[in-house]
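For reference, the chains in residue letters:
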Amino acid sequence: MVQTLLQLTVKDILLRPLFHNVEVIASEKALNRTVRWVHIMEVTQVGHLLNGNELILNTGIGWRDDEELSLSFLQQLIDSGASGLCIELGTYTKQPLERMKELAIRENFPLIFFHEEVRYIDITQDLHFYFIHQHHKMVSELESLSTQLNQLLLSGKGLQPLLKLLHQTTRSQVAFFPFGADPQFVPSLPKQQANAFYEQWVQGEILTDPLSQNKLAHRPILALELLFADLILLANQELSEFQILALDRFATAIAQEMMRTKYIEEKRTISGRSMAD
């Protein structure tokens, strides 16, 4: 199975041929913003038109050289969770507006300026083809992962191989907290760090920590309407759609493995009682 996180960032997009001659105003953090779609937008009132993680293409026709209007538009994009703003300079906007640059830098929001005429239709076609290709690739890898999980379940090797495969597939820290048993971490953590992580989880601090926002995902392990454990995935950057969907599949597989183990244990208990009688 080829393991990939299938996530495109602003930095990745800037490597594509149509972005070779651009001016970029962005910090390293801004360049690592995830891009899930590209969208041409000329209106200055964003409203509820965006879902988040869009790279916006704009000519400046909506504000021309009205700096206050351009700042309002940029702030709306930031508040809507857009990934970045591309502006073609020339016909409608003659030069980069300094206050837009200041706002973008302050908010870690990428600004990309084209200093020559560019066909936005070419950019959208190029990136949309890439997104669709990545989606098909993700579906194929998830199908392969499901097959691998079924094979592991049939092997009867227990939970540890499942947790290790989850780590390998997502390249993220895995934490598994079964009720009535010791916490497990894959890869293992130093004892002090592991204890602190578990304590923060029990207290509910991790879920409310701003530093963990979009970097942590949790799935309860449920079977027969009973909660058996908590499964947690923690990454160094925003979790991709592939990582989240993979976590869902592992949560189901782990629930099945725990039910199988519980069934075997109860069968042995019943058998032991019968022999004692």
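Before any of the text, the structure's been laid out above.
Here's a quick rundown of the structure. These numbers come from a predicted model, not from an experiment.

## Let's talk about the nonpolar core
As a rule of thumb, soluble globular proteins bury nonpolar side chains together.
Link 1 in the chain: With 31 residues, the main nonpolar core has Phe176, Ile221, Leu231 and Ile254 as its most contacted residues.
Link 2 in the chain: Among the elements of the structure, α5 (120-155), α6 (159-170), β6 (173-178), β8 (216-223), β9 (226-234) and α9 (241-276) are those that each provide at least two residues to this core.
Link 3 in the chain: The element contributing the most residues to this core is α9, with nine residues.

## Here we look at a nonpolar patch on the surface
Link 1 in the chain: A surface patch of nonpolar side chains, about 290 Å² in accessible area, is lined by Phe179, Leu222 and Leu227.
Link 2 in the chain: Residue placement: Phe179 occurs in the loop between β6 and β7 (184-186).
Link 3 in the chain: Exposure remark for Phe179: the relative accessible area of 48% places this residue in the partly exposed category.

## A word on α6
Since there are 3.6 residues in each turn of an α-helix, residues three or four apart along the chain are aligned in direction.
Link 1 in the chain: The terminal C-alpha atoms of α6, which comprises twelve residues, lie 17 Å apart, in line with the 16 Å expected from a rise of 1.5 Å per residue.
Link 2 in the chain: Among the residues making up α6, those that are buried are Leu162, Leu163, Leu165, Leu166, Thr169 and Thr170. Angular distribution of buried residues about the axis of α6 spans 160°; they occupy a single face of the element.
Link 3 in the chain: Just beyond α6, the residue with positive phi is Arg171, at close to 55°.

Parameters at a glance
- Residues numbered from 1 in each chain as written.
- Predicted model: local features only at pLDDT ≥ 70, side-chain atom pairs only at ≥ 80, totals over all residues.
- Heavy atoms only, no water.
- Core = buried A, V, L, I, M, F, W, Y, C linked by side-chain atoms within 4.5 Å.
- Buried < 20%, exposed > 50% of the residue type's maximum accessible area, 1.4 Å probe, protein only.
- Helix = DSSP H or I, 4+ residues; strand = E, 2+ residues; numbered from the N terminus.
- Patch = residues over 30% accessible without salt bridge, like charges linked within 9 Å, V, L, I, M, F, W, Y side chains within 5 Å.
- Areas by Shrake-Rupley, 256 points an atom, 1.4 Å probe, with all protein chains shown as cover.
- Salt bridge = Lys/Arg side-chain N within 4 Å of Asp/Glu carboxyl O.
- Expected span 1.5 Å × (residues − 1).
- Arc of directions from axis to C-beta.

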